[in-house]
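Structural description and commentary
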Amino acid sequence: MLEYRCSSVDWKPSPVVALANSADDSQVAAAREDGSLEIWLVSPGAVGWHCQLTIHGDPKSRISSLAWCLAGSDGLPSGRLFSSSVDGSISEWDLFDLKQKIVLESIGISIWQMAVAPTSLLSVDKRIENGYSSEKEESESEDGSDSDSEEEFHDDQSDRLIAAACDDGSVRLYRISDFNKLTYYRSLPRVSGRALSVTWSPDGQRIFSGSSDGLIRCWDANSCQEVYRITVGLGGQGSNSEICVWSLLSLRCEVLVSGDSTGTVQFWDSQHGTLSESHSNHKGDVNTLAAAPSHNRVFSAGADGQVILYKLSGSTNSSQDLKPSSSQKWDYIGYVKAHTHDIRALTVAVPISREDPFPDDTLPDKSGARKHRKKGKPVDFTYHKWAHMGVPMLISAGDDAKLFAYSVQDFTKFSPHDICPAPQRVPMQMVHKSVFNQTSLLLVQGISDLDILRLNVSTDSSGRASTKPLVRVKSRDSRKIICSAISNTGSLFAYSDQIGLSLFELKKNEIAKSPWSVSRRRLPTLPFAHSMIFSSDCSRLILAGHDRRIYAIDVSTLELVYTFTPCREEHEGESPPMEPPITKLYTSSDDQWLAAINCFGDIYVFNLETQRQHWFISRLDGASVAAAGFHPWNNNALVISTSSNQVFAFDVEARQLGKWSLLHTTVLPKRYQEFPGEVIGLSFSPSPNSSSVIVYSSRAKCLIDFGKPVEEDEENDLPNGNLSKSLEGKLVNMGLKLGKGSNRKRRLEEYQLEGKSKERKNFEILPSKHPVLFVGHLSKNSIMVIEKPWIEVVKSLDTQPVDRHIFGT
C-alpha cells in the first residue's frame, strides 16, 4: 500500500502543570496550562494507558494544583476532583457531566498548592469498572481534623478539610460539602513571605507549610498554633531568605521531606523538626515530591528534568507500616531522565488487578477454558506482569507536555514508558474526494480556530505530501473549540465551543479576488456539543449535546429533525437523560445506523430509519472504547477497538457479535496485544469490496483484514491475551443468539477451532518513526499519514529544554 506522508500541520501541546491520582488509584488527572484536564486510566506497564476523557476548562484560570478526595463522592468511587488557580479560585471538575464548576470564588490572592486532610477510609469495597460505578456509595464516617467537628459533621465524609497555601503567607482551611461549594473554616496565622507548599501529617493532627522565606512551619491542626519552625538553608543550620520551599511530603514513619529552590531534598524528624538527611543531587529547583504506598521510597523531580529515587536503608518491598526510628537513613539510589524540560508534577497510582466476581459456573466448559489459559511458556518479569503483582506506578509530567510512567519497585531496572507520545493530538478529519474537483481536504481543529487545508500529493515515488491553507475560521471571542466535523463533500463544516454551535458553508469562487469564501448558516438554539458528525449523505448534522441528548439537524432547512435520549433499557415515552455524556459518534455509510459511545465505554446504537434506539452494549471488560467505526464493506458491522487492545466486530442489526469476533477475539496475536501506544483511530478503505481496516496509534499502524483468519501465537501469556471470565461469558452469551435450534448450542471453542484450520497471516504491524497524528485512506491502495517529528514540536514550545538552559546557570 502506498503511503503519503505530511508533516506541515501545526502542533503545539500545552505543558502539564499538576497531577493527582484518584481515591481508588484507578485514574490519574493531568491539568494543562491551557486550562484543560485529562483523565487517564492507569495501566500496569506499557499496554493499556488510555486518555478516558478531556474536559475543556477556563484557559484563563491557570491551574496551580490538583486534589482528589473521597468526600461526598456519591456514585463515583474515584472521588471528587478539585483544582486551585493562580487567580485565587478553587474549582471542582464534574467527571460525569464533563464540566468545571467554581466552588470557591476568587479570594483575590493566588493559591499555590492544596492538600486534602487524610482519611483512614482508604478502600472502597466495590467492583469498579473504568473509573465509574452507577451504584451509590455507602455513607462512611471518618475522623475529622478538628476536635469540635464531630458534633457538626458526623454523618458522612463531608467534613473533609482542604488546606490552601496562599500568596499572602497564610494557609486557609475549607470544608468540603455536598452543596457544590467550599465553606471557609479558619486560617493559620499569616507568616512572612508566600506560602508555597502545604501537606498534612498522616494522622491529620498536624499541618506543615513551606514558604518563600526559607522556613518550614509545623502547625497543630486543632488549635492552629505553631508547634515549631525549621530553617531550610544550609541543612537547617543557617538562613537564606531567597530559598523557596516548593514541595513537602509527610510520611507514616514520622519523616517530613522537603524540596527547595537550591535543588536540595531534605529528610526531617517530623515530631521535633530536626534534620536527618540532606541530598543535593538536583541541578535546579525541586518542584515536586512523591512517595511509594509503602512510604519507604521517595521520588523527587524538578527543573533539571531528572526523577531521583531515595530509599530507606534496610527496607524491603513490603507495604507494611514503617516504625518510627531516630536512626533512619535515606540512601540515594539513582535517577532517570526521560523529560527534556522541567518536571512540574509527580504522583503514584496502583493499577487495579481485576478479580472476576462471577462464579466459575457462569463459564461454559470451564475446565477446557482453564487449560487454554494455562497453556504456553511462562514469560520473564516484564511490565505486563505488574497487573498480577500489584506494582505501583510513578507518573511524571512537565513542560514538555508528556507523561511518563515508571515502576516504583524497579525504578532503575526498566526504562520509563511514554504514556502519550502525541500529547494533545490535533483533531482532524479528511475528505478524500470533495465536490471541488475531487480535491482532498483536511479539517484541522486548533485551540480557537478551524483550518481547511488542501492536500497535495506528489506524483513521483517520494511519497511526500504537502498542504495549502484554503480558509481559517476563528471562534467568537477566541473561545476554545470542543469538537468539529466536516461533511463528505467538503462543502459544510461545523464546530462547537462551550457556548453554542456554528455551521459554515465553503464555496469556491471562480471570478472573485479570493478563490474561497465561507458563509455562516444559522442553526437552531441547542446545547453545546461534546461530539458531532455529518451523515454520510451530508443531509444531517448529528451532535451529542452536553445535556446528554443527541440531536439531528437537517442542514437544508436548518431545523431540528429528531432527538435521541441514550438509555440502557427501553422506556415507554420520553425519559430524562441519565447516562454519561456521549464523546464519540459514528454513522454507517448507508446512514441507517448511528453508534454513540460515552466516555466510560458504553455503546448505544440507534436506527436512523426508525428513529429509535436499537441496542445497548455495556462496556467490555471495564475498558473504554479507544476508536470505532462502521465498515463500508458491511454497513451492519461496527468495529470497536478498546483501551485494552481488544478488537470486536458487532453485527448491530442482529444485536450480536459478528462471526469474526466469535472466531478470533480470544486468540488475537500477541504482537497486537503488545501494540505500541494507545489506539487513536481507525481508517477504512473507501472501496466497498475491501474487508480491511487500519488501526493506528501515535507509534504504529496495524492492518486487520476481516476476510482473513487470525494466526494465533504459540505463547499467549499476557494479561491482555486472555479475557476475563465475565467478558468471555458475555461473548459466549452473545454468540448463543446466532439463530435457532442446534446453532444456539454452539460454543465459543467450536468457532475458534474453525479459525485454526486456516494458516494465513494477519495483523501486520508497521512502526512509525515520528508521532502520528492522523491516518486516512486516499483510495483503496493509498493512505495519507499526518505526522510530526517530535524535535520540531520541542522547538516550538515556549520553554527551553533543560539540556540547553538550566535554572540558575
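This one's a predicted model, so the numbers in the text were calculated from it and none came from an experiment.

Let us look at the overall build of the protein. On a plain count of helices and strands, the protein comes out with eight helices and 55 strands. Every one of the 809 residues in the protein was classed for burial, and the buried ones make up 60%. Looking at the protein as shown, the accessible area adds up to about 33300 Å², and 46% of this sits on carbon and sulfur atoms.

Taken as a whole, this structure holds 23 salt bridges when the rule is applied. Note that Arg-5 and Glu-787 form a salt bridge whose closest N and O atoms lie 2.9 Å from each other. Residue Arg-5 is located in strand β1 (residues 2-6), and its partner Glu-787 is located in strand β55 (residues 782-787); the two are separated by 782 residues in the primary sequence. Judged by relative accessible area, Arg-5 falls into the partly exposed class, the value being 30%. Here Asp-497 ties to Arg-479 by a salt bridge, and the two come within 3.1 Å at their closest N and O atoms. Of the two residues, Asp-497 sits in strand β35 (residues 492-497) while Arg-479 sits in the loop between β33 (465-474) and β34 (481-486), which places them 18 residues apart along the sequence. For Asp-497, a relative accessible area of 2% puts it in the buried group. A relative accessible area of 24% places Arg-479 in the partly exposed class. Through salt bridges with shared partners, a single network forms among Glu-3, Arg-5, Lys-701 and Glu-787.

Summed over the entire model, instances satisfying the criterion amount to six cavities of 30 Å³ or more. If you add up the space inside the largest cavity, you get close to 70 Å³. When the residues that make up the lining of the largest cavity are grouped by side-chain class, the tally is six nonpolar, six polar and one charged.

Glancing now at the sheet that holds strand β24 (residues 307-312). Taken in spatial order, the four strands make up an open sheet running β22-β23-β24-β25, and their pairing is antiparallel. On the outer flanks of this sheet lie β22 (286-291) and β25 (330-336), each paired with one strand and no other. Within the sheet, the average angular offset between the axes of one strand and its neighbour, ignoring direction, is 25°. Judged from the six bridges that link them, β24 and β25 form a sheet pairing that is antiparallel. In the strand pairing of β25, Leu-309 is matched with Gly-334.

What follows concerns the sheet that holds strand β29 (residues 417-418). Strands in a sheet are paired, the pairing made by backbone hydrogen bonds, and the direction either parallel or antiparallel. If you trace the four strands from one edge of the open sheet to the other, you get β26-β27-β28-β29, paired in antiparallel fashion. Taken across any chain shown, the strands that pair with only one partner, and hence form the sheet edges, are β26 (343-349) and β29. Taken together, the six bridges between β26 and strand β27 (residues 393-398) define a ladder with antiparallel strand orientation. Its bridge partner lying in β27, Ala-349 is registered against Met-393.

With that settled, the discussion passes to the nonpolar core. By size, the foremost hydrophobic cluster in this structure holds 28 residues, and its most contacted members are Met-428, Leu-442, Met-784 and Ile-786. At the level of elements, β1, β30 (428-431), β31 (441-445), β32 (449-457), β51 (692-697), β54 (772-779), β55 and α8 (790-796) are the ones that each hand at least two residues to this core. Examining the composition of this core, we find that five residues originate from one element, β54, more than from any other. Filtering out sequence-adjacent residues up to four positions away, Met-428 remains in contact with Val-9, Leu-442, Leu-443, Val-444, Leu-773, Phe-774 and Ile-786. In this structure, Phe-675, Val-693, Val-695 and Phe-763 belong to the second largest nonpolar core, which totals 20 residues.

Looking at the element boundaries, Asp-94 is found in strand β8 (residues 90-94). C-alpha of Asp-94 to C-alpha of Arg-80: the two residues are 14 residues apart in sequence and 7.9 Å apart in space. Asp-94 has contacts with Ile-55, Lys-99 and Lys-101, leaving out every residue within four places of it along the chain. In this structure the side chain of Asp-94 is engaged in a polar contact, spanning 2.9 Å, whose partner is the backbone nitrogen of Asp-97.

The backbone phi angle of Glu-254 is positive, close to 60°, even though this residue is not glycine. Topologically, Glu-254 is positioned in the loop between β18 (245-250) and β19 (255-260). On the basis of relative accessibility, which here comes to 32%, the residue Glu-254 falls in the partly exposed class. Phi at Ser-478 takes a positive value of approximately 55°, unusual for a residue other than glycine. Counting through the fold element by element, Ser-478 comes out in the loop between β33 and β34. Classification of Ser-478 as exposed rests on a relative accessible area of 56%.

Locating Gln-52 in the fold gives a position in strand β5 (residues 50-56). Taking the relative accessible area as the measure of exposure, Gln-52 reaches 5% and is therefore buried. Within the structure, the side chain of Gln-52 is placed 2.9 Å from the side chain of Gln-27, a separation counted as a polar contact.

Mean pLDDT over the protein works out to 79, with 78% of the residues at or above the 70 mark. Segment residues 354-389 is flagged for pLDDT under 50; beyond a separation of four residues in sequence, or across chains, it makes 65 contacts in the model. Residue range residues 714-722 is modelled with pLDDT below 50. Its contacts to residues more than four positions away, or to other chains, number 26 contacts.

The relative placement of two aromatic rings is captured by the distance of their centres and the angle of their planes. Here the structure, examined in full by the defined rule, presents 17 aromatic pairs. Here Phe-267 and Tyr-310 contribute two aromatic rings whose centre-to-centre distance is 5.8 Å and whose plane-to-plane angle is 75°, an arrangement assigned as edge-to-face. Placement of the pair is Phe-267 in strand β20 (residues 265-269) and Tyr-310 in strand β24, with a sequence separation of 43 residues. Looking at Phe-267, the relative accessible area reads 0%, which means it is buried. On the accessibility criterion, Tyr-310 (0% relative accessible area) is buried.

The next point concerns the environment of Val-336. As for its position among the elements, Val-336 is in strand β25. Note on Val-336: relative accessible area 12%, which makes it buried. When the C-alpha atoms of Val-336 and Ala-301 are compared, they prove to be 9.8 Å apart, with 35 residues separating the residues in sequence. Those residues within four positions of Val-336 in sequence are excluded, and the remaining contacts are Gly-305, Gln-306, Val-307, Tyr-406, Phe-411 and Pro-416.

Here the focus is the environment of Asp-285. By the element assignment, Asp-285 lies in the loop between β21 (274-279) and β22. Relative accessible area serves as the criterion here: at 8%, Asp-285 is assigned to the buried category. With 42 residues separating them in the primary sequence, Asp-285 and Ile-243 have C-alpha atoms 9.8 Å apart. Polar side-chain contacts of Asp-285 include one of 2.8 Å to the side chain of Trp-246.

Right, let's talk about the side chain of Ser-294 for a bit. By the secondary structure assignment, Ser-294 is in the loop between β22 and β23 (297-302). A polar atom in the side chain of Ser-294 sits 2.4 Å from the side chain of Asn-296.

Among the six residues that make up strand β4 (residues 36-41), six are buried, leaving the element largely enclosed by the rest of the structure. Every second residue of β4 is oriented toward a common face, with Ser-36, Glu-38 and Trp-40 on one face and Leu-37, Ile-39 and Leu-41 on the other, all of them buried. Note that strand β3 (residues 27-32) and β4 share five bridges and pair antiparallel. By the bridge assignment, Ala-31 is partnered in β4 with Leu-37. Bridge count for β4 against β5 is six bridges, and the pairing is antiparallel. Bridge pairing links Leu-37 to Ile-55 in β5.

Rules behind the numbers
- Residues numbered from 1 in each chain as written.
- Predicted model: local features only at pLDDT ≥ 70, side-chain atom pairs only at ≥ 80, totals over all residues.
- Heavy atoms only, no water.
- Helix = DSSP H or I, 4+ residues; strand = E, 2+ residues; numbered from the N terminus.
- Buried < 20%, exposed > 50% of the residue type's maximum accessible area, 1.4 Å probe, protein only.
- Areas by Shrake-Rupley, 256 points an atom, 1.4 Å probe, with all protein chains shown as cover.
- Salt bridge = Lys/Arg side-chain N within 4 Å of Asp/Glu carboxyl O.
- 1 Å grid on protein atoms, 1.4 Å probe; cavity = no way out; pocket = protein on both sides within 12 Å on 5 of 7 lines; lining within 4 Å.
- Points joined across faces, edges and corners; volume = space filled by probe spheres on them.
- Nonpolar A, V, L, I, M, F, W, Y, C, P; charged D, E, K, R; others polar.
- Pairing = 2+ DSSP bridges.
- Axes fitted to C-alpha atoms, helices over the stretch in contact; angles between N-to-C directions.
- Core = buried A, V, L, I, M, F, W, Y, C linked by side-chain atoms within 4.5 Å.
- Contact = heavy atoms within 4.5 Å.
- Polar contact = N/O pair within 3.5 Å; in protein donor to acceptor, adjacent residues only side chain to side chain.
- pLDDT = per-residue confidence, 0-100.
- Phe/Tyr/Trp six-rings, centres within 6.5 Å; stacked < 30°, edge-to-face > 60°.

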